[in-house]
Amino acid sequence: MRQFSKILAAAALAATALTAITGVAMAQTVLRLDEVPVGELDPAKASDYADSVLMFNVYDTLVIPSQGKPGYQPHLAESWETEGNTFTFKLRQGVTFESGNPLTAEDVVFSFERTKALGQGLSYLFEKIESAEAVDAQTVKFTLTEAYAPFVASLVRLPIVDSKLVKENLGEGEGEFGDWGQAYLSADSAGTGAYTVSSHNPQSETVMEKNANYFLGVPDVAPDTVRYRYGLEAATVRTLIAQGEHDISSQWLPPEVLGALAKEGAQLLTERSAGALYIKLNTTKAPFDDPNCRLAVANAFDYASAIKMVAITADAAQGSPSSGAIPVGMLGSNPADTVLERNLDKAKEYLAQCKYNPADYTIDLSWIAEVPVEERYALLMQANFGELGFKSNIVKMPWALFSEAVTKPENTPHVSQLFVNAVTGDPDTLLYGMYHSSAAGTWQSPEYLNDPQVDQLLEAGRTAATEEARVEAYANLNARLMEIAPSIYAYDRQSVFAASNRVKVPTLTDPAKFYALDGMNLTFRNMEMTGQ
């Protein structure tokens, strides 16, 4: 009887423990969101939006953008000093990686050297760095080859990895560090971030969990688990959100789907992008080797209709009116109220000064097959340019074919459409790769522009010693680009996400908390799960 009582007591205790565990499990919050594939987890290879979201949650950087205002603030660094072309950073004390290893200057140096050695992703941002040196355990010094004003901004794209852990997981390869841990970091995380990776499939889903040891702490209201899915169809996302089984859509849902979800009660969250839709004109091919022909079509373009094509509701759209070559709010941009507008009379005046007869040319209007909205703009341009007498062919090009074609000016279409962003929030990373003559022949620069004044102003933006001088350089650059029209500046891009009412995203609803960097506003530690 006594033994039976012990068994009953043990059973009761087990049941109590199970109830407690179940209660905790039920209290766990799960955030579910999606993006287009693939999700690149290796921080030295990350470049796209999905990759950026992973980086900003799993890893940290020395600096981050200031919230609600221009500029950058310390993050893993507690401070920095500048002397000539040398930048010295003091690291925070007490920061640990998810492995428990402490953050040191050696980790920063290794992260830079690894990024440089692999030469992928956004490694081009660090071409001006001559060396990185660990002065002591908490101090790292970068020496640049020349003056480079956007350097601090570029550091938002240098995630710091746990060098000790990576060195313990090196794969085969040449040199001291073999594959630099590529095989390991393609599936596992090695960061200091607010979330750690529990599983990762770059084509389907990444699952992340709160990092209980995050150096800034993670609020209780932030999601405990995040399921980041890739490649969901628009119809699937709409159904899942409507059924309460999904929380944040990707930015690529068609406007009509976003509008339908809004009518069904979903939130619409808007991230102002540091980029725009650029309609690029091949300046090496007639008739667009003549600036007057370029200015003619730029004035004939129907900017208002372009915005309507991506309108979702009366208050939300996937684009906002352009004021010039530089998106509103960036260094050197024109005021928001000086929006570009269609002016057919002015277009005809420029056409009269063009040395070509439009009737003699058939223009190729290309659009990227993977971005269906671009077909709408190709049709709009066909109608707009037709009013000036231009004949045109609409050409659908898969991305792989387009990126290969633009490596030679003769194979590049007369007109290309590209969404281009400033990957650090600084105008240098938006404009230099598009308009400097040395950049011609990349996917960003099918204009093949060769203008000495543009080159000089881009260099001035890189080397100016003060913020005021940089603003002046970019304002003058903006004016020059508008004067010679290598592109049509269709609209400033905005990312719009449909979201359930189970989640609050203050970085996308409170301007004082907004980060001027694409993807950083989806930092999970800043979100709140309401449990509705």
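It should be emphasised that the depicted structure is a prediction, and the values quoted were computed from it without experimental measurement.

### Brief notes about the overall build of the protein
Within the protein, the secondary structure is distributed over 17 helices and 18 strands. Rg of the C-alpha trace for the protein: 26 Å, near the compact-globule value of 24 Å for 532 residues, within the 12% margin. Projecting the C-alpha coordinates of the protein onto the three principal axes gives extents of approximately 105 × 55 × 45 Å. Summarising the internal contacts of the protein: among those between residues at least 6 apart in sequence, 71% fall at separations of at least 24. Of the roughly 22400 Å² that the protein leaves accessible, carbon and sulfur atoms contribute 51%.

### Structural notes on the nonpolar core
If you look at the biggest cluster of nonpolar residues, it comprises 62 residues, and the most contacted ones within it are F301, L431, Y435, I488 and Y491. In this structure, Y435 is in contact with Y278, E447, L449, V454, D455, L458, L481, P486, S487 and Y489, ignoring residues within four places of it in sequence. The next biggest cluster of nonpolar side chains, apart from the first, holds 43 residues, and it includes V226, Y228, I248 and F524.

### Digging into the sheet that holds strand β6 (residues 129–136)
Sheet architecture is open: four strands sit in the order β4-β5-β7-β6, paired in antiparallel fashion. Taken across any chain shown, the strands that pair with only one partner, and hence form the sheet edges, are β4 (77–83) and β6. Sheet twist, expressed as the mean angle between neighbouring strand axes with direction ignored, is 20 degrees.

### Notes on the state of the cysteines
As used in these notes, a disulfide is a covalent bond between sulfur atoms, one from each of two cysteines. Tallied over the full model, the rule gives one disulfide. With a sulfur-sulfur separation of 2.3 Å, C293 is cross-linked through a disulfide to C354. Here the S-S torsion is close to -90 degrees, and the disulfide linking C293 with C354 is therefore left-handed. Of this pair, C293 sits in helix α9 (residues 291–300) while C354 sits in the loop between α11 (344–353) and β13 (362–368), and the two are 61 residues apart along the sequence. C354 carries the same exposure label as C293, and that label is buried.

### Structural notes on the pattern of salt bridges
The tally for this structure, following the rule as stated, stands at 16 salt bridges. Through salt bridges with shared partners, one network takes in R32, D247 and R502.

### Some details on the packing of aromatic side chains
In the structure shown here, the tally under the stated rule is 20 aromatic pairs. An angle of 85 degrees between the planes, with centres 5.8 Å apart, marks the rings of Y278 and Y489 as edge-to-face. Of the two residues, Y278 is situated in strand β11 (residues 267–281) and Y489 in strand β16 (residues 487–499); the sequence distance between them amounts to 211 residues. Using a relative accessible area of 4% as the deciding quantity, one classes Y489 as buried. Taken together, the ring pairs in this structure connect W80, F87, F89, F112, F142 and F151 into an aromatic cluster.

### A closer look at helix α14 (residues 428–435)
Of all the eight residues making up α14, eight are buried; the element is thus mostly covered by neighbouring parts of the structure. Listing the buried residues of α14 in full gives D428, T429, L430, L431, Y432, G433, M434 and Y435. In this fold, the buried residues of α14 make contact with β11, β15 (415–421), α15 (452–463), α16 (467–484) and β16.

### Considering helix α8 (residues 255–263)
Owing to its 3.6 residues per turn, the α-helix brings residues three or four apart onto one side. Buried within α8 are the following residues: P255, V257, L258, G259, A260 and L261. Looking at the buried residues of α8, the elements they touch are α7 (234–242), β11, α12 (373–386) and β16. Just downstream of α8, G265 is the residue with a positive phi angle, here 105 degrees.

### A closer look at the confidence of the model for the protein
Mean pLDDT over the protein stands at 92; residues scoring 70 or higher make up 95%. Contacts of residues 1–26 to residues separated by more than four positions or lying in other chains number zero contacts, the stretch itself having pLDDT below 50.

### Side note on unusual backbone geometry
With an omega of 0 degrees, the peptide bond between P37 and V38 qualifies as cis. Secondary-structure assignment places V38 in the loop between β1 (30–35) and α2 (49–58). The omega torsion of the bond from A286 to P287 falls at 10 degrees, within 30 degrees of zero and hence cis. Position of P287 among the secondary structure elements: in the loop between β11 and α9. The phi dihedral of A485 is positive, around 50 degrees, even though this residue is not glycine. Position of A485 relative to the elements: it lies in the loop between α16 and β16.

### Description of the side chain of S189
Positionally, S189 belongs in the loop between α6 (182–185) and β8 (195–201). By relative accessible area, which is 4% here, S189 ends up buried. Only 2.7 Å separates the side chain of S189 from the side chain of E98, close enough to count as a polar contact. In this structure the side chain of S189 is engaged in a polar contact, spanning 3.2 Å, whose partner is the backbone nitrogen of V197. Once residues lying within four places of it in the same chain are set aside, the contact partners of S189 are L41, V58, Y59, E98, L165, Y184, T196 and V197.

Scoring rules and cut-offs
- Residues numbered from 1 in each chain as written.
- Predicted model: local features only at pLDDT ≥ 70, side-chain atom pairs only at ≥ 80, totals over all residues.
- Heavy atoms only, no water.
- Helix = DSSP H or I, 4+ residues; strand = E, 2+ residues; numbered from the N terminus.
- Rg over C-alpha atoms; globule rule 2.2 N^0.38 Å.
- Contact = heavy atoms within 4.5 Å.
- Areas by Shrake-Rupley, 256 points an atom, 1.4 Å probe, with all protein chains shown as cover.
- Core = buried A, V, L, I, M, F, W, Y, C linked by side-chain atoms within 4.5 Å.
- Buried < 20%, exposed > 50% of the residue type's maximum accessible area, 1.4 Å probe, protein only.
- Pairing = 2+ DSSP bridges.
- Axes fitted to C-alpha atoms, helices over the stretch in contact; angles between N-to-C directions.
- Disulfide = S-S within 2.5 Å.
- Salt bridge = Lys/Arg side-chain N within 4 Å of Asp/Glu carboxyl O.
- Phe/Tyr/Trp six-rings, centres within 6.5 Å; stacked < 30°, edge-to-face > 60°.
- pLDDT = per-residue confidence, 0-100.
- Polar contact = N/O pair within 3.5 Å; in protein donor to acceptor, adjacent residues only side chain to side chain.

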